[in-house]
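# Structural characterization, general
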Amino acid sequence: MFWSNLPKPFFVLAPMDDVTDVVFRDVIENVAPPDVFFTEFTSTDGLASPGRERVMEKLARNPDSKYPLVAQLWGNDPELYRQAAADMAAMGFDGIDINMGCPERGIVARGCCGGLIGCYHEAEAIISATKEGAGKLPVSVKTRIGLGSIITEDWFNFLLKQNLAAITVHGRTVREMSKVPAHWDEIAKVVALRNQLAPQTLIIGNGDVADRAEGLARVEESGVDGIMIGRGIFHNIFAFDQQTGEHNQDEMITILLEHLDAFEQTWGDTKSFQILKKFFKLYINGWYGAAELRARLMDVNSPDEVRAILKGVSVH
Ligand SMILES: Cc1cc2nc3c(=O)[nH]c(=O)nc-3n(C[C@H](O)[C@H](O)[C@H](O)COP(=O)(O)O)c2cc1C
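Keep in mind that what you see is a predicted model, and the values were worked out from it rather than measured.

### A look at the site of the ligand
Looking at the ligand, there are 16 residues lining it, with Asp17, Lys142, Asn206, Asp208 and Arg231 nearest. A distance of 3.1 Å is found between an oxygen atom of the ligand and a backbone nitrogen or oxygen belonging to Phe41. Between the ligand and the protein, one listed contact pairs an oxygen atom with a side-chain N or O atom of Asn99 at 3.2 Å. For the ligand, whose free accessible area comes to 610 Å², the fraction covered by protein is 82%. Class assignment of the residues belonging to the shell around the ligand gives a composition of 5 nonpolar, 6 polar and 5 charged.

### Points about the environment of Trp287
Note that Trp287 resides in the loop between α13 (280–283) and α14 (290–298). Distance from Trp287 to Gln249, taken between C-alpha atoms, is 7.2 Å for residues 38 residues apart in sequence. Here Trp287 is in contact with Gln249, Met252, Ile253 and Leu293, once residues within four sequence places are set aside.

### Examining the packing of helix α7 (residues 152–159) against helix α8 (residues 184–197)
Where α7 contacts α8, the two axes come as close as 10 Å, and the packing angle between them is 40°. When the interaxial angle is binned, α7 and α8 end up oblique. Like other packed secondary-structure pairs, α7 and α8 cross with a definite hand, here right-handed. On α8, the residues touching Thr152, Glu153, Phe156 and Asn157 of α7 are Glu186, Lys189, Val190, Leu193 and Leu197. Tallied by class, residues from the contact of α7 with α8 come to 4 nonpolar, 2 polar and 3 charged.

### Brief notes about the side chain of Lys271
With respect to the element layout, Lys271 can be found in the loop between α11 (249–267) and α12 (274–277). Lys271 sits in the buried class, given a relative accessible area of 10%. In this structure, Lys271 is in contact with Asp21, Glu40, Arg54, Glu57 and Phe263, ignoring residues within four places of it in sequence.

### Observations regarding the packing of helix α4 (residues 78–91) against helix α6 (residues 120–134)
Relative orientation of the contacting elements α4 and α6 amounts to 30°, with a least axis distance of 7 Å. The angle between the axes of α4 and α6 places the two elements in the roughly parallel class. Read as a crossing pair, α4 and α6 show a hand that is right-handed. Residues Pro78, Tyr81, Arg82, Ala85, Ala86 and Ala89 of α4 pack against Ala125, Ile126, Ala129, Thr130, Glu132, Gly133 and Ala134 of α6. Tallied by class, residues from the contact of α4 with α6 come to 9 nonpolar, 2 polar and 2 charged.

### Considerations on the sheet that holds strand β3 (residues 69–74)
Taken in spatial order, the 8 strands line up as β1-β2-β3-β4-β5-β6-β7-β8 and close into a barrel, and their pairing is parallel. Averaged over all neighbouring strand pairs, the angle between strand axes comes to 25°, with direction disregarded. Each of β4 (95–100) and β5 (139–144) is contacted by α6, which is oriented at about 165° to β4, the strand it contacts most.

### As for the confidence of the model for the chain
Taken as a whole, the chain shows an average pLDDT of 96; of its residues, 99% reach a score of 70 or greater. When the elements of the chain are averaged for pLDDT, α12 gives the smallest value, 92, and strand β6 (residues 166–170) the largest, 99.

### Overview of the pairing of strand β2 (residues 36–43)
Across the 8 residues of β2, 8 count as buried, placing the element largely inside the fold. Pairing of strand β1 (residues 10–13) with β2 involves 2 bridges; the strand directions are parallel. Each residue of the ladder has a partner; that of Leu13, found in β2, is Phe37. The pairing of β2 with β3 spans 5 bridges and is classified as parallel. Note that in β3 the partner of Phe37 across the bridge is Leu69.

### Focus: α14
The set of residues buried in α14 consists of Ala290, Leu293 and Leu297. In a view along the axis of α14, the buried residues occupy a sector of 65°, so they form one face of it. Structural note: α14 exposes Ala291 and Glu292 on the side pointing more than 90 degrees away from its buried face.

Rules of the game
Residues numbered from 1 in each chain as written. Predicted model: local features only at pLDDT ≥ 70, side-chain atom pairs only at ≥ 80, totals over all residues. Heavy atoms only, no water. Near = heavy atom within 4 Å. Polar contact = N/O pair within 3.5 Å; in protein donor to acceptor, adjacent residues only side chain to side chain. Areas by Shrake-Rupley, 256 points an atom, 1.4 Å probe, with all protein chains shown as cover. Nonpolar A, V, L, I, M, F, W, Y, C, P; charged D, E, K, R; others polar. Helix = DSSP H or I, 4+ residues; strand = E, 2+ residues; numbered from the N terminus. Contact = heavy atoms within 4.5 Å. Axes fitted to C-alpha atoms, helices over the stretch in contact; angles between N-to-C directions. Parallel < 35°, antiparallel > 145°, perpendicular 65-115°, else oblique. Left-handed = near helix turned anticlockwise from the far one by under 90°. Buried < 20%, exposed > 50% of the residue type's maximum accessible area, 1.4 Å probe, protein only. Pairing = 2+ DSSP bridges. pLDDT = per-residue confidence, 0-100. Arc of directions from axis to C-beta.

Quick look at the structure:
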């Protein structure tokens, strides 16, 4: 099982819908990789529906990747988790993660993701069915510290008895969305509980970590085994780098052009070009004229238009 072979502490790129697809994961693997990647969250209902082929795009992977890849699932029907987990095992993923944290209102109202927090009977049935379907693949959970209020002790007392390979703790309640600073003191409480109840379960801390250096400080203070970084990657594509260094304009434009090529080759017309726009600020940032260039790029509607604009920007 890959979780037990990771360095300590280890780093994980957070699952992010419409962000961490196979193309973006490849970009990050090439520039400054974490130790583990997750897919975007993937609907177990969708996988069992006539629209399965479309949903499978979220699970596209590069067989040449050198890093473990965990498939993240969401839904509320244990039987569909069982089937999806068996599929993931057959497809060669390294692990399966159950999303028990997404705060999206419609999803929570259906008793999925963050809506499972505090629903012990339903959560137990889902974990158990996923394990059965997964066979030898390790099963983990990504969750928050409560739904409307903080219930760290009760919720993790329950989760830590489920014999999970790892638990990612996003240090906020569902209601808090991402609007308040993550409660790292609560994440430290989960580590203390884990030490008593389930020493074999790894704890991954998540919330507001900008980069590796900040992650290492969080490890010191909370005792977590690993750190997951999400939005930090939007401010610094080198967030997982062991060294800090300057990255000039030409290097960033080259990476953007590679990202663009890979997006086009992988998705063709199947994914909207508009999805790519959220990445522009990641590459075009922090130099004289960057804001103006970014504004021009926001107005375009195809990869070729981006290439044409960037051709006019000097690459030495
Ligand atoms: C655009 C976006 C999409 C996300 N999609 C997912 C998802 O598919 N699955 C999931 O478990 N969390 C998802 N999250 C939550 C992140 O994985 C992470 O828990 C959260 O952003 C807090 O970490 P951070 O402060 O490092 O960003 C998403 C977050 C963002 C910003």
